[in-house]
Amino acid sequence: MFDYIFSLFSNDMGIDLGTANTLVYVKGQGIVLKEPSVVAINRDTREPVAFGAEAKRMLGKTPANIYAVRPLRNGVIADFDVTQEMIKYFIRKVHNRRSLLHPRVVIGIPSGITEVERRAVKEAADQAGARYVELIEEPKAAAIGAGMPISEPTGNMIVDIGGGTTEVAVISLGGMVVSKSLDVAGDELDESIMQYFRRKYNLLIGETTAEDVKIKIGSAFPLVDEQSLEVKGRDQVSGLPKTITITSEEVRQALSEPLKLIVDVVKATLEETPAELSADLVDRGIVLAGGGSLLRGIPELLSRETELPVTRASDPLTCVVMGCGRYLEELDNIKRSRSRPSYL
């Protein structure tokens, strides 16, 4: 009862704590923040000097005494102290400073993380000032955010391709029947492009350039009109700046290996799905979420490989945080249902 009253006066929030981006949903307001999950650190003092978009602009361009890092890798905390500072920064940026009450927070987490990693996420949010922390698996949050009827007794399949992980799940009656997590996603696609440039052209490019190439001409399936792009980097042999022209066919070739791993984990999930739910998927198909699903041709590739209809959520980038937000809106009802005696 008191928690419900407190929630009326605090900015309770849902957080998609992603490897690439952090999004924050505030109860009653919607999505209020979307920033890269990057922190710039002073090498001498170990103190953060910038967060989010400001810190991302420093990636690969910092002076000797400052370095920019992503404190989350593959969807889990790689640097606890820095993650805690980042969460604290985002909570304080969003939370109503006039309120004396700390917010309740719902955080989306990968389904495959360990109990130790779950505790690390929860503790980071606690230390950052949350009054109450609830964790929800990202596939479930993404399905809720995509508007899928997961509470019905039918099969719903979600494939959430984020920055650090690809989450695949079949959900029915509000629970995940089969789920798999793969640490290959958007970041791995960028890395594959960087390796391709090094291997074929002796050209060194950074993460930002690789991501730009992926967004502009990357694809998972042949395009009707293939494209080309000029890319600038540093020649490994001479050490001098160099510009080359690369085609969309080459980028697709560079992405083929990580995309095959994603296809394989989707197939493995389907193979473990109960027959009755598999029958539902023939009609309902697969829904894609996450920023990685925006790569052109991924629906066509998965549809060809699984022989199922594949659609992309209307706003794949916000599915997880919207799911966290909708879960937050129902948090009081969920907590009440948990406290009911089992015989009711």
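Preceding block: the structure.
The shown structure was predicted, so the numbers you read here are calculated from the model rather than taken from an experiment.

A. View of the overall build of the chain. Each helix and strand counted, the chain has twelve helices and 18 strands in total. Taking 20 Å as the expected radius of gyration for a compact globule of 344 residues, we find that the chain reaches 21 Å, a close match to that expectation. If you line up the chain on its principal axes, its C-alpha atoms span 70 × 55 × 30 Å. Taken across its 344 residues, the chain has 51% of its residues classed as buried. Long-range contacts, defined as pairs at least 24 residues apart, comprise 62% of the intrachain contacts of the chain with a sequence gap of at least 6. When the accessible area of the chain is evaluated, it comes to approximately 16400 Å², of which 50% is carbon and sulfur surface. Here the chain holds 41 positive side-chain charges and 48 negative ones, and the gap between their average locations is 5 Å.

B. Region of the structure containing the packing of aromatic side chains. In this structure the tally under the stated criterion is three aromatic pairs. Relative to Tyr 201, the ring of Phe 197 lies with its centre 6.2 Å away and its plane at 45 degrees, an arrangement referred to as tilted. Of this pair, Phe 197 and Tyr 201 are both found in helix H6 (residues 186-201), four residues apart, which corresponds to roughly one turn of the helix. Across this residue pair, the class does not change: Phe 197 and Tyr 201 are buried.

C. Expanded view of the sheet that holds strand E3 (residues 30-36). A sheet is described by the order of its strands in space; here five strands give the open sequence E3-E2-E1-E9-E10, paired in mixed fashion. One side of each edge strand has no neighbouring strand; the edge strands of this open sheet are E3 and strand E10 (132-137). Going from strand to strand, the sheet's axes swing by 20 degrees on average, the running direction of each strand aside. Relative to strand E2 (residues 21-26), strand E1 (residues 13-17) is paired through five bridges, and the arrangement is antiparallel. Bridge assignment links Gly 14 to a residue of E2, and that residue is Tyr 25. Its contacts with the sheet place helix H4 (residues 115-127) against strand E9 (104-109) and E10, and it is angled at close to 145 degrees to E10. Each of E1, E2, E3, E9 and E10 touches helix H11 (residues 319-329); the most contacted strand, E1, lies at about 150 degrees to it.

Rules used throughout
- Residues numbered from 1 in each chain as written.
- Predicted model: local features only at pLDDT ≥ 70, side-chain atom pairs only at ≥ 80, totals over all residues.
- Heavy atoms only, no water.
- Helix = DSSP H or I, 4+ residues; strand = E, 2+ residues; numbered from the N terminus.
- Rg over C-alpha atoms; globule rule 2.2 N^0.38 Å.
- Buried < 20%, exposed > 50% of the residue type's maximum accessible area, 1.4 Å probe, protein only.
- Contact = heavy atoms within 4.5 Å.
- Areas by Shrake-Rupley, 256 points an atom, 1.4 Å probe, with all protein chains shown as cover.
- Lys, Arg positive; Asp, Glu negative; His and termini not counted.
- Charge placed at Lys NZ, Arg CZ, Asp CG, Glu CD.
- Phe/Tyr/Trp six-rings, centres within 6.5 Å; stacked < 30°, edge-to-face > 60°.
- Pairing = 2+ DSSP bridges.
- Axes fitted to C-alpha atoms, helices over the stretch in contact; angles between N-to-C directions.

Remember, this is a structural readout, not a statement about activity or role.
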